[in-house]
Amino acid sequence: MTTTPTTAVSRADRYTWGMDVLLQVDGEAGQRIVDTLADVSPELGHQVVAWAFGDMYARPELVARERQLVTLGVLTALGGCEIELDVHINAALNVGLTPVEISEALLHSAVYCGMPRAINATLVAKKVFAERGLLPVSNIA
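Attention in this report is confined to the structure presented alongside it. (Residues numbered from 1 in each chain as written. Predicted model: local features only at pLDDT ≥ 70, side-chain atom pairs only at ≥ 80, totals over all residues. Heavy atoms only, no water.)

Quick look at the pattern of salt bridges
And then number 1: In the structure shown here, the tally under the stated rule is seven salt bridges.
And then number 2: For Arg 14, the salt bridge goes to Asp 55, with nearest N and O atoms at 2.7 Å. With Arg 14 in helix 1 (residues 11–25) and Asp 55 in helix 3 (residues 42–57), this residue pair connects regions lying 41 residues apart in the sequence.
And then number 3: Here Asp 55 falls in the partly exposed class, since its relative accessible area comes to 26%.
And then number 4: Between Arg 32 and Glu 28 there is a salt bridge whose closest N-O contact spans 3.8 Å. Highlighted residues: Arg 32 and Glu 28, both in helix 2 (residues 28–37), separated by four residues, approximately one helical turn. (Salt bridge = Lys/Arg side-chain N within 4 Å of Asp/Glu carboxyl O. Helix = DSSP H or I, 4+ residues; strand = E, 2+ residues; numbered from the N terminus. Buried < 20%, exposed > 50% of the residue type's maximum accessible area, 1.4 Å probe, protein only.)

And the structure:
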């Protein structure tokens, strides 16, 4: 992933830059979230693109794989984030994480946020892996 352009200062530039990053990371799933928000809160959709992806995801201090691991852990801990987990498990695969690495990250989350949330997140991962023909996954030590 490239770094944030130093010349992107306008609202339109930040959106364009963010959309490039969003499409690299989330692909069509990210675009669908923005499209879904268009008739209820287009400003929230704009902020997802411009701020979350254009400003935050594009920062060079963490690579995309690391950002997705953090994102999966946080969404798992929050609970009730199945839609976002679906998007970000796909994104994690898009940026090079393997199904085993994703399963292991969700397993590790159980230590800090509890079994119910880790199980819910893992079942979302199972759905994504099935859709992408990546089952079965084995992370037995």
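After presenting the structure, the write-up continues.
What about helix 5 (residues 82–94)?
Because an α-helix packs 3.6 residues into every turn, residues spaced three or four apart end up facing the same way.
And then number 1: Here helix 5 is 13 residues long and its end C-alpha atoms lie 18 Å apart, about the 18 Å a rise of 1.5 Å per residue gives.
And then number 2: Listed in full, the buried residues belonging to helix 5 are Leu 85, Asp 86, Val 87, His 88, Ile 89, Asn 90, Ala 91, Ala 92 and Leu 93.
And then number 3: Taken together, the buried residues of helix 5 touch helix 1, helix 2, helix 3, helix 4 (64–78), helix 6 (99–113) and helix 7 (115–131).
And then number 4: Looking one or two residues beyond helix 5, the residue adopting positive phi is Gly 96, at roughly 105°. (Expected span 1.5 Å × (residues − 1). Contact = heavy atoms within 4.5 Å.)

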